[in-house]
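Observations on chain architecture
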Protein chains: 2
Amino acid sequence: MDAEQLRECAHKMVDFISDYYKNIENFPVLSQVQPGYLRELLPDSAPTHPESFQDVLNDVQAKILPGVTHWQSPDYFAYFPSNSSVAGFLGEMLSAGINMVGFSWITSPAATELEMIVLDWLAKALKLPDEFLSIGPGGGVIQGTASEAVLVVLLAARDKVLRKVGKDAIGKLVVYSSDQTHSALQKACQIGGIHPENHRVLKTDPSTEYALSPESFCEAISHDIASGLIPFFLCATVGTTSSTAVDPLLALGEITKSNGMWFHVDAAYAGSACICQSSATILMDRSALIQSLSTNPEFLKNKASQGNMVVDYKDWQIPLGRRFRSLKLWMVLRLYGLENLQAYIRNHIELAKMFEELVKQDPRFEVAAPRKFSLVCLRLLPPQNNEDCANKLNHDLLESVNSTGKIFISHTVLSSKYVLRFAVGAPLTEERHIVAAWKVLQEEASALLRIL
Amino acid sequence: MDAEQLRECAHKMVDFISDYYKNIENFPVLSQVQPGYLRELLPDSAPTHPESFQDVLNDVQAKILPGVTHWQSPDYFAYFPSNSSVAGFLGEMLSAGINMVGFSWITSPAATELEMIVLDWLAKALKLPDEFLSIGPGGGVIQGTASEAVLVVLLAARDKVLRKVGKDAIGKLVVYSSDQTHSALQKACQIGGIHPENHRVLKTDPSTEYALSPESFCEAISHDIASGLIPFFLCATVGTTSSTAVDPLLALGEITKSNGMWFHVDAAYAGSACICQSSATILMDRSALIQSLSTNPEFLKNKASQGNMVVDYKDWQIPLGRRFRSLKLWMVLRLYGLENLQAYIRNHIELAKMFEELVKQDPRFEVAAPRKFSLVCLRLLPPQNNEDCANKLNHDLLESVNSTGKIFISHTVLSSKYVLRFAVGAPLTEERHIVAAWKVLQEEASALLRIL
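Residues numbered from 1 in each chain as written. Chains lettered and ligands numbered in written order. Predicted model: local features only at pLDDT ≥ 70, side-chain atom pairs only at ≥ 80, totals over all residues. Heavy atoms only, no water.

Take the domain arrangement of chain A next. Residue and element names in this part refer to chain A. Under the domain assignment used here, chain A contains domain 1 (3-70), domain 2 (101-323) and domain 3 (332-451). Taking the mean C-alpha position of each, domain 1 and domain 3 sit 31 Å from one another. On the side of domain 3, nine residues touch domain 1, which itself brings nine residues to the contact. Both sides together, the interface formed by domain 1 and domain 3 hides about 590 Å², and carbon and sulfur atoms give 63% of it. Area buried by domain 1 at its contact with domain 3 is led by Glu25, Val29 and Leu30, which between them contribute 61% of it. Residue Glu25 pairs with Arg432 through a salt bridge whose shortest N-O separation is 3.2 Å. Between domain 1 and domain 3 we count four residue pairs in polar contact (both at pLDDT 80 or more) in total. Counted by class, the side of domain 1 that touches domain 3 contains six nonpolar, two polar and one charged residues. (Domains from an automatic or database assignment. Contact = heavy atoms within 4.5 Å. Buried area = accessible area lost by both parts, 1.4 Å probe. Salt bridge = Lys/Arg side-chain N within 4 Å of Asp/Glu carboxyl O. Polar contact = N/O pair within 3.5 Å; in protein donor to acceptor, adjacent residues only side chain to side chain. Nonpolar A, V, L, I, M, F, W, Y, C, P; charged D, E, K, R; others polar.)

What follows is the structure, given as structure tokens:
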């Protein structure tokens, strides 16, 4: 680690990355390589002697980039956006530069304190009640991913109820969600040892726009209690993955409250992620989380921790180690400001509305679920209303659209219908990309319908 | 995300970080701020309008860096090293620049394939048998942290045995480790719902240099089987956290084999981490892991995955999302080469030996555990062999040494004795830093002994 060598190489890397963004539209957005392509291009063991930085950069250009799916491309409309920004990139750089491990307050007080402060900023920006702020019983933490966020709260809720009813009752604990809830909850249940048959996946349908019905939730609880089971956790969603449905939080919250259940709201897409692209977990009461995830080995003890004077984020998350995560969020909030971030999100929603209008104007297509944010669900209608071939038709349309390399979209299934998902939100996407994307979809649809 | 704005700001950030490394010795290595220091320096909500990049950089310098504990300082000897390098930093930059999410092969084939290839390189560099390579039933994955590595294998082992004996038997499953095993195992057990009273923490002592005794392991298994319990998991360690003890892998492996148990070896410090500073998990049989951690929601289905043509790393780890982690390891291996990396590690061991010699020459101190790698455990002997005050004496020595800001060391407890840990391994540490560190320890010890 030589400061001047770092300076020289890192300046070259900055230019490499800036050039990548300048030319990002020239790549096929979905990588078109075949499985196993890279093994043929690289040696089968590590070099004994050093190679030059330029050789490695050349390999990145020639061998790695063709295998990259370009999430930052303006033509990326798949899954949900996961965006970089100048400010976010600078935050990542600084975090990698300082390269500390922030498990306890003492291992870098600034890392813990900045995270507490910016998550309070975020809670205020989201207009959450004061209980969620770190000065009270609540507080926030940035998890590595949204999956970890739902896992840690599930574990906190599990252990809280098991402390009451005894740990042998784990086979009786019941988790509730809708059939639109993200698969991260199912995985969290697997990890936490919740029996799969005790995960109630409540059916939704177009009548509620794929939102969870409080009535069916109530019914399920009553049935489970009558069977001697213990309802303890509900995961509701604001902006589901398939169609950005919004569960009725107020009504659901009343039910969880009267049944003494943990109420978790997953807003990974439509909530905080819209503002800051990070996996913030904000709690009303942090104590159950800490009770579940604490360890206190001798080699980590220190005066500040033993005196309960500080937060040690190791006890709020799965791993021990953690990066200086808050630098990124802090830089994004400061370098853009809340007003610009709001405008940025509104712009994506406007672009999605525009796309929705284009879909509506073509009678061969339908909008397959109400658009709420910046995701449009659509499908190509089958000729002669022949629903039997509709799913295959849309599956083939997805494959042919993505094979062009011009845009990348993904899919889901809603009420047994195969549906295309067009998620607007990449940072470089402008109106012209939306128009061009729609043209690609129309052209590929025409070609498919022609050979039917 | 404007390419030219990125270029301009990122060049400034490169200079900022390079200057940080140039001046890193001028900071107190352990931050000397008081709890809550940062809240008084920052506003209590996010700005509405953008701030300038220079203002933010000024704040990093004036407000953040004083609260940073400098893990990359040459005077950092605490815990274990967690080092940056020019190559590692470049890998992080590139990963943040491409900023893709590599949960499935299709979301960036290069990310998955490069990880498989470089982990095969690593397995070969570590001279692991061929079963650990990805072309066979094994393979490697880079976890976010070492804690996640032990968690995912524990879950895989748990589910494998529960598939045989039925999931209601979770209360009978027994995990074995020594009292020197990292606390990550205890946390993994908490998360996975292993009953705390079924975690056998086998005692070690100086007679085996704090290594786990196969005899006591055998005895514990027999006793548990006789009590109707089910032994299923052993975590052995190469290089324990307190004193870098090495468990006898061959003998322990025989016992786990004959009892049909999962055998996990934690070498986070002394094994792979020595070469690459990443949380590699390398398995002989990946199938149990994948069975435990798979989900397959509709919105992530794609031809390559459904056809079993590819690896989807989402099924090898806790989170769904993942960075382009292998870029960092690839750059480190290529830009340094195996020979230099080995020399780098040998140099740290030589420096630790030198420090050990210095300790041995001062009769007021003792080396408290055999030095195996680059960690030296030492303690100040109490005057008149008065062991009653020895622990407080060493605790006070730690506090006073760390309060100087000149070096940062940590501690542990071995056989009830409070012991100082001096871990050599920061990338900028040279002989002169070792000599100076020893002088700080001697001076603070003299001051303490004077007032006793």
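As a further point, take the interface of chain A and chain B. Counting from both sides, the interface comprises 143 residues of chain A and, opposite them, 144 residues of chain B. With both sides pooled, the region where chain A packs onto chain B buries about 12800 Å², and carbon together with sulfur makes up 65% of that total. Interface area lost by chain A to chain B is led by Met1, Phe299 and Arg334 of chain A, which between them contribute 7%. In this assembly, chain A and chain B are joined by 16 salt bridges. For Glu92 of chain A, the salt bridge is made with Arg323 of chain B, and the minimal N-O distance between the two is 3.0 Å. The interface formed by chain A and chain B holds 67 residue pairs in polar contact (both at pLDDT 80 or more) in total. For the side of chain A that touches chain B, the leading source of residues is helix H1 (residues 3-22) of chain A, giving 18 residues. Tallied by class, the residues present in the side of chain A that touches chain B amount to 72 nonpolar, 41 polar and 30 charged. (Helix = DSSP H or I, 4+ residues; strand = E, 2+ residues; numbered from the N terminus.)

Right, let's talk about helix H3 (residues 86-98) of chain B for a bit. Residues and elements named next belong to chain B. In a regular helix each residue adds 1.5 Å, so 13 residues correspond to 18 Å; H3 covers 18 Å between its end C-alpha atoms and thus fits that length. For H3, the tally of buried residues reaches 13 of 13 residues, placing the bulk of the element in the interior. Where H3 ends, the next residue or the one after it, Asn99, has phi of about 45 degrees, a positive value. (Expected span 1.5 Å × (residues − 1). Buried < 20%, exposed > 50% of the residue type's maximum accessible area, 1.4 Å probe, protein only.)

Turning next to the packing of helix H3 (residues 86-98) of chain A against H3 of chain B. The description of two helices packed together rests on the angle between their axes and the distance between the axes. Running from N to C, H3 of chain A and H3 of chain B point in directions that differ by 160 degrees, and their axes come no closer than 10 Å. Here H3 of chain A is positioned roughly antiparallel relative to H3 of chain B, judged by the angle of their axes. Our pair here, H3 of chain A against H3 of chain B, has a crossing hand that is right-handed. For the pair H3 of chain A and H3 of chain B, the contacting residues are Phe89, Glu92, Met93, Ala96 and Gly97 of chain A in the first and Phe89, Glu92, Met93, Ala96 and Gly97 of chain B in the second. Considered class by class, the residues forming the contact of H3 of chain A with H3 of chain B number six nonpolar, two polar and two charged. (Axes fitted to C-alpha atoms, helices over the stretch in contact; angles between N-to-C directions. Parallel < 35°, antiparallel > 145°, perpendicular 65-115°, else oblique. Left-handed = near helix turned anticlockwise from the far one by under 90°.)

Here we come to helix H5 (residues 146-165) of chain A. In an α-helix, one full turn covers 3.6 residues, which means residues spaced three or four apart are oriented alike. All names here are of chain A. With 20 residues, H5 should cover 28 Å at 1.5 Å per step; its first-to-last C-alpha distance of 29 Å lies within 8% of that length. Burial runs high along H5: 15 of the 20 residues are buried. Following H5 by one or two positions, Gly166 has its phi on the positive side, about 95 degrees.

Once that is clear, we can look at the side chain of Lys314 of chain B. Mapped onto the secondary structure, Lys314 of chain B falls in the loop between helix H11 (303-306) and helix H12 (326-361). Relative accessible area serves as the criterion here: at 4%, Lys314 of chain B is assigned to the buried category. Among the polar contacts made by the side chain of Lys314 of chain B, one reaches the main-chain carbonyl oxygen of Thr295 of chain B at a distance of 2.6 Å. Beyond its immediate chain neighbours, meaning those up to four positions away, Lys314 of chain B contacts Lys187 of chain A together with Phe103, Ser104, Leu293, Thr295, Leu300, Pro319 and Leu320 of chain B.

Okay, the packing of aromatic side chains next. Residue and element names in this part refer to chain A. According to the stated counting rule, one finds 34 aromatic pairs over all chains in the structure shown. With a centroid separation of 4.1 Å and 15 degrees between ring planes, the pair formed by Phe77 and Phe422 is classed as stacked. Of this pair, Phe77 sits in the loop between helix H2 (53-64) and H3 while Phe422 sits in strand E10 (residues 417-423), placing them 345 residues apart in sequence. Across the pair, Phe422 and Phe77 agree in class, each one buried. Pairing Phe355 with Phe422 gives two aromatic rings, centres 3.6 Å apart and planes at 0 degrees, and the pair type is stacked. A residue pair is termed long-range when its members are at least 10 positions apart, and Phe355 in helix H12 (residues 326-361) and Phe422 in strand E10 qualify at 67 residues. Comparing Phe355 with Phe422, the two get one shared label, buried. (Phe/Tyr/Trp six-rings, centres within 6.5 Å; stacked < 30°, edge-to-face > 60°.)

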